[in-house]
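Topology and contacts: notes
Here is what each chain is made of, one letter per residue.
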Amino acid sequence: MARVVAVTGNEAVAEALRQVNPDVSSAYPITPATDIMQRFTGFVSNGKVKTEMILVESEHSAMSGCIGASAAGGRVMTATSSQGLALMWEELFIASGTRLPIVMALVNRALSAPLNIHGDHSDGMGARDCGWIQLWSENAQDAYDNTIQAFRIAEHMDLRLPAMVCLDGFIISHSIERIEYIEDDKVKNFVGEFKNLNPLLDLEHPVSYGPLILPDYYMEYRKAHAEVMSKVAGVVLDVAKDFEKISGRKYGLFETYRLDDAEIGLVILNSAAGTSKDVIDAFREKGIKAGLLKPRLYRPFPYEEVGNALKHLKAVCVLDRADAFGASYGPLFMDIASSLYTCKEKPVLINKIYGLGGRDYLPEHAGLVLDELAGIAKTGKVKTFKEYIGVRE
Amino acid sequence: MKLKGWKDVIPGAVCTEAGSALKFKTGSWRASRPKWIEDNCIQCLFCWIYCPDMAVNVKDGKMTGFNYDYCKGCGICALECPGKKGNKAIVMEEEGK
Amino acid sequence: MATPTGITLKELSKKEGLLTSGHRMCAGCGAPIIVKMVLLAAEGPIIAANATGCLEVSTCISDYTAWKIPWIHNAFENAAATLSGVETMYRSLKKQGKISKDIKFIAFGGDGGTYDIGLQSLSGAMERGHDMLYVCYDNGAYMNTGIQRSSATPFGADTTTCPAGSVIPGKTQNRKNLTKIMAAHNIPYAAQASPSHWMDLVKKVKKALSITGPKFMNILSPCNRGWRSRTDDAIMLSRLGVETCYWPLYEIEDGATKVTFKPKEKKPLVDFLKPQGRFKHLFAPENEWMLKKFQEIVDKEWESLLKSDSGRCDSKPSGKAPGAE
């Protein structure tokens, strides 16, 4: 039977990793992800997993070690956050370009400067185009479920791509929630035995990893990478179907909430979606047709599917927990705008930047945004397309 | 050689054929070529161990000549050759003469 | 394992070369000579890692790899961390019974990738006790990017980022002593070698690989492009480096230093400097003080090394490294 527990997001991710039982993990501590690896090394020290740890001296080496271990041939995972991800940046591209199915939990946190250890999406957004798969998680249950599914997706023989599972720092990583754990043997069977592809440790077939590729071939490798990204959504849905069988929980490319008949809607990632849903319920009770879309597979972004889900609305606000300095809009907004670009009928889009560096996102913020959207839907007039909310003048 | 298209490149740019660099002949880089004078050779094998291009042929522990497919003509072998009684067993000659 | 004796070139020449011809290092480069010697010294299966650099870009281009053994290049600063990952996966799979063979792990990096940008990664790997030999081929500058100064660049050298000018006469700082820095990690084995002294080099590699745990070797690697010398003088120059005591041959085994080559007559440093264009300006009358200072640096380091010389010969390594299983 599934176990119902009250745990933090980090604890849930660590439990998923224990159940998956990877061959190697290479990791470095950083708030608020530290707790995942602390708990996991506890499993290692007590013989609960077969995993060999590499307790490296930096995140750059953490990902370098993961790359070496993954190329050697075996299941590999790590976890990081914020500055740690930033320090890994070079290696993120090498992991994906080398097509290594490394799984990484990313506990989303703001980037310096100024230094801030709290939840926002600047880290994950900065790494969104590095060729990894990104699965975003609203709560601890999502984070746990996504972690287990990430191994199946990353290691799929049609893909062989690294995947990161994003969850909000502190808000999810450190808050206790009620969640359900799947039985160990079901998880073990679900992820299955690791399948090798050109492992370095195969002495009978010596391979060279990491060649210099000149202009005569570089574009072919890039095109091949771009093409494999287009297969990810299908694999994510297939894996979700199998996952439903062991968990009873449904996952898609994104979640829609009361969106089918909605006239106004919010698009929001991760934990703030929960707060937003409550406020949407309140607006529905007032007779206002509000709905929500929460992306799950953020990279590769399912543009067509998201566009189709949103095109019938009159006004949509995309809420970004990160800004893209120098760009007109936040990163999520730009993806939503792109997804609607080819639609003939489309809603008016506005963008709000919220919750940076752990600033609270409160029901009244969602309420004000929905009020504004209702006004836009009625008059077609937009006061401002992009602004920060919850910030002092 | 026909270049492969994107559908045919190996995922992750892994080279799966060990030692395939042998297909790349570097002998054309050579401006001068080593000449082996067997009579002066004491079979010390310094030329073999010091050759950066693995272009000294050795059979059964004996130097048998050069592999000009790969020899870049650096001249280390000639400089290091002790020869016999002051006479070098390897001398460099201008390529193409 | 005692120091192997009876190593002959005749016997070595019967072994399969694991780095093939067809690599694209410059004519007369020291690095492939070093790699060849290291791989010839090793027995049994080897997996190698390579930091970005001349050796890496020249030995594996598109479909052409000169490596006959499993080999991985990741980036510039992380050959040691990358190989840590490979070695750890090996240990994990071996423990699980999925691998039975014994495999040795060797990393190769230039001085830029080792003394400078890769120092942290190397230090971490050595401290963690991974079973690997890290080989630095030290040519004394960032040769791959066009001869820029590194912390291994010798005093006075003219490089493209510390060019000898009318105000600043080349590099004004002394080089870092990386071999001693690595020995300070209390690893079981650290050594310096030179391709000119092939027997000494091969013995050191054999000894290093007989020890379980982290090992480091620093090997002088002449670069005729960067040193501005002839294409045929790599061995001659590396020999002069040793004979002038610019590049002493020694090993530090379980903390005990042993100088493995003491020249009968220590040659003046200028013998090593004179054939190299990168030191040409030192021979101008106004830079005489630099030659003097450089000689003093070399003398001081050599004297200090001799003082630390235990004279211990061919002692048996303990075989245990910090953190190694």
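Residues numbered from 1 in each chain as written. Chains lettered and ligands numbered in written order. Predicted model: local features only at pLDDT ≥ 70, side-chain atom pairs only at ≥ 80, totals over all residues. Heavy atoms only, no water.

1. Quick word on the packing of aromatic side chains
- Evaluated as defined, the whole model comprises 24 aromatic pairs over all chains.
- Seen in terms of ring centroids, B:Phe66 and B:Tyr68 are 6.0 Å apart; in terms of plane orientation they differ by 50 degrees. Their pairing is tilted.
- Given a relative accessible area of 27%, B:Tyr68 falls into the partly exposed group.
- A connected cluster of aromatic rings, assembled from ring pairs, spans C:Phe155, C:Trp227, C:Tyr246, C:Phe272, C:Phe279 and C:Phe294.
- Sitting over the face of the ring of A:Phe43, A:Arg18 holds its NZ or CZ atom 6.0 Å from the ring centroid.
- Over the ring of B:Phe24 we find C:Arg24, and its NZ or CZ is 3.4 Å from the ring centre. (Phe/Tyr/Trp six-rings, centres within 6.5 Å; stacked < 30°, edge-to-face > 60°. Buried < 20%, exposed > 50% of the residue type's maximum accessible area, 1.4 Å probe, protein only. Lys NZ or Arg CZ within 6 Å of the ring centre and 35° of its normal.)

2. Side note on the interface of chain C and chain A
- Facing 44 residues of chain C, the contacting portion of chain A comprises 43 residues.
- Of the roughly 3,100 Å² buried between chain C and chain A on both sides combined, carbon and sulfur atoms contribute 60%.
- At the junction of chain C with chain A, the criterion picks out 5 salt bridges.
- Of the charged contacts in the structure, one is a salt bridge between C:Lys98 and A:Glu193, with a shortest N-O distance of 4.0 Å.
- Run the count over chain C and chain A and you get 19 residue pairs in polar contact (both at pLDDT 80 or more).
- Of all the elements in the fold, those that place two or more residues in the side of chain C that touches chain A are α3 (54-59), β2 (60-61), β4 (71-73), α4 (79-95) and α6 (119-128) of chain C. (Contact = heavy atoms within 4.5 Å. Buried area = accessible area lost by both parts, 1.4 Å probe. Salt bridge = Lys/Arg side-chain N within 4 Å of Asp/Glu carboxyl O. Polar contact = N/O pair within 3.5 Å; in protein donor to acceptor, adjacent residues only side chain to side chain. Helix = DSSP H or I, 4+ residues; strand = E, 2+ residues; numbered from the N terminus.)

3. Considering the sheet that holds strand β15 (residues 348-353) of chain A
All names here are of chain A.
- Strands sit in the order β10-β12-β11-β14-β15-β16 across an open sheet of 6 strands; the sheet is mixed. The open sheet is flanked by β10 (254-257) and β16 (386-388), the only strands paired with a single partner. Averaged over all pairs of adjacent strands, the angle between their axes in this sheet comes to 20 degrees, without regard to strand direction.
- Note: β10 against strand β12 (residues 290-295), 4 bridges, orientation antiparallel. What sits directly across from Thr-256, in β12, is Leu-293. (Pairing = 2+ DSSP bridges. Axes fitted to C-alpha atoms, helices over the stretch in contact; angles between N-to-C directions.)

4. Quick look at the packing of helix α10 (residues 272-285) of chain A against helix α13 (residues 363-379) of chain A
Residue and element names in this part refer to chain A.
- Where α10 meets α13, the closest approach of the two axes is 9 Å, and the angle between their N-to-C directions is 50 degrees. By the angle between their axes, α10 is oblique relative to α13. Once α10 is placed against α13, the crossing between them reads as right-handed. Judged by residue contacts, Thr-275, Ser-276, Val-279, Ile-280 and Phe-283 of α10 engage Pro-363, Ala-366, Gly-367, Leu-370 and Asp-371 from α13.
- Residues of the contact of α10 with α13, tallied by class, amount to 6 nonpolar, 3 polar and 1 charged. (Parallel < 35°, antiparallel > 145°, perpendicular 65-115°, else oblique. Left-handed = near helix turned anticlockwise from the far one by under 90°. Nonpolar A, V, L, I, M, F, W, Y, C, P; charged D, E, K, R; others polar.)

5. What about the interface of chain C and chain B?
- Taken together, the contacts link 39 residues of chain C with 35 residues of chain B.
- Here chain C and chain B share an interface that buries about 3,000 Å² over both sides, 65% of which is from carbon and sulfur atoms.
- Summed over the three residues of chain C that lose the most area to chain B, namely C:Ser21, C:Lys36 and C:Tyr64, the buried surface amounts to 20% of that side.
- Here chain C and chain B share 2 salt bridges between them.
- Between B:Glu80 and C:Arg239 there is a salt bridge, and its shortest N-O distance comes to 2.6 Å.
- Our count for the contact surface shared by chain C and chain B stands at 20 residue pairs in polar contact (both at pLDDT 80 or more).
- Secondary structure elements with two or more residues in the side of chain C that touches chain B: α1 (9-12), α2 (31-41), β3 (64-65) and α9 (234-243) of chain C.
- Among the elements that take part in the side of chain C that touches chain B, α2(C) stands out by supplying 5 residues, more than any other.
- Split into classes, the residues belonging to the side of chain C that touches chain B amount to 20 nonpolar, 10 polar and 9 charged.

6. Some words on the domain arrangement of chain A
All names here are of chain A.
- The domain boundaries assigned to chain A delineate domain 1 (3-247) and domain 2 (254-388).
- Distance from the C-alpha centre of domain 1 to the C-alpha centre of domain 2: 28 Å.
- The interface of domain 1 with domain 2 comprises 30 residues on the first partner and 25 residues on the second.
- Carbon and sulfur atoms make up 54% of the surface buried where domain 1 meets domain 2, a total of about 2,100 Å² over both sides.
- The interface formed by domain 1 and domain 2 contains 5 salt bridges.
- Note that Asp-168 is salt-bridged to Arg-321, the shortest N-O span being 4.0 Å.
- Remark: the boundary between domain 1 and domain 2 carries 19 residue pairs in polar contact (both at pLDDT 80 or more).
- Going through the elements one at a time, α5 (122-126), β6 (133-137), α6 (140-155), β7 (163-168) and α9 (232-247) are the ones with two or more residues in the side of domain 1 that touches domain 2. (Domains from an automatic or database assignment.)

7. Notes on the nonpolar core
All names here are of chain A.
- In this structure, Met-63, Leu-201 and Ile-336 are the most contacted members of the largest nonpolar core, which totals 168 residues.
- The greatest single-element share of this core, amounting to 8 residues, is contributed by α6.
- Each of domain 1 (3-247) and domain 2 (254-388) contributes no fewer than three residues to this core.
- Among all residues touching Ile-336, those that are not within four sequence positions of it are Val-267, Phe-301, Val-306, Leu-310, Val-318 and Leu-349. (Core = buried A, V, L, I, M, F, W, Y, C linked by side-chain atoms within 4.5 Å.)

8. Quick word on a nonpolar patch on the surface
All names here are of chain A.
- Together, Phe-325, Leu-356, Tyr-388 and Val-391 make up an exposed nonpolar region whose accessible area comes to about 420 Å².
- Within the element layout of this structure, Phe-325 appears in the loop between β14 (315-320) and α12 (331-340).
- By relative accessible area, Phe-325 is classed as exposed at 78%. (Patch = residues over 30% accessible without salt bridge, like charges linked within 9 Å, V, L, I, M, F, W, Y side chains within 5 Å. Areas by Shrake-Rupley, 256 points an atom, 1.4 Å probe, with all protein chains shown as cover.)

9. Describing the environment of A:Ser96
Residues and elements named next belong to chain A.
- With respect to the helices and strands, Ser-96 occurs in helix α4 (residues 82-97).
- Sequence-wise, Ser-96 and Trp-132 are 36 residues apart; in three dimensions their C-alpha atoms are separated by 5.9 Å.
- Sequence-distant contacts of Ser-96, that is, excluding residues within four places in its chain, are made with Cys-130, Gly-131, Trp-132, Leu-161, Pro-162 and His-225.
- Polar side-chain contacts of Ser-96 include one of 3.2 Å to the backbone oxygen of Phe-93.

10. What about the pairing of strand β3 (residues 52-55) of chain A?
All names here are of chain A.
- With 4 bridges connecting them, strand β2 (residues 24-27) and β3 associate as parallel partners. Bridge pairing in β3 places Val-24 opposite Glu-52.
- Considered for its hand, the β-α-β crossover made up of β2, helix α2 (residues 34-45) and β3 is right-handed. (Right-handed = clockwise from strand over helix to strand, strands pointing away.)

11. Side note on the pattern of salt bridges
- In this structure the tally under the stated criterion is 59 salt bridges over all chains.
- One connected set of salt bridges, linked through shared partners, spans A:Glu138, A:Asp142, A:Glu255, A:Lys277 and A:Lys294.

12. Some remarks on α6(C)
- Buried within α6(C) are the following residues: C:Ser121, C:Leu122, C:Gly124, C:Ala125, C:Met126 and C:Arg128.
- A positive phi of about 80 degrees marks C:Gly129, the residue just after α6(C).

13. Digging into unusual backbone geometry
- Here the residue pair A:Thr31 and A:Pro32 is connected by a cis peptide bond, since its omega of -5 degrees sits within 30 degrees of zero.
- Here A:Pro32 lies in the loop between β2 and α2.
- A:Arg299 connects to A:Pro300 through a cis peptide bond whose omega is -5 degrees.
- Following the sequence through the fold, A:Pro300 ends up in the loop between β13 (297-299) and α11 (303-310).
- Positive phi outside glycine occurs at A:Arg258, with the angle close to 50 degrees.
- Here A:Arg258 shows up in the loop between β10 and β11 (264-267).
- Of note in the backbone geometry, C:Asn186 takes a positive phi value of approximately 60 degrees without being a glycine.
- As for its placement among the helices and strands, C:Asn186 is situated in the loop between α7 (178-183) and β7 (189-193).
- Residue classification places C:Asn186 among the exposed positions, given a relative accessible area of 61%.

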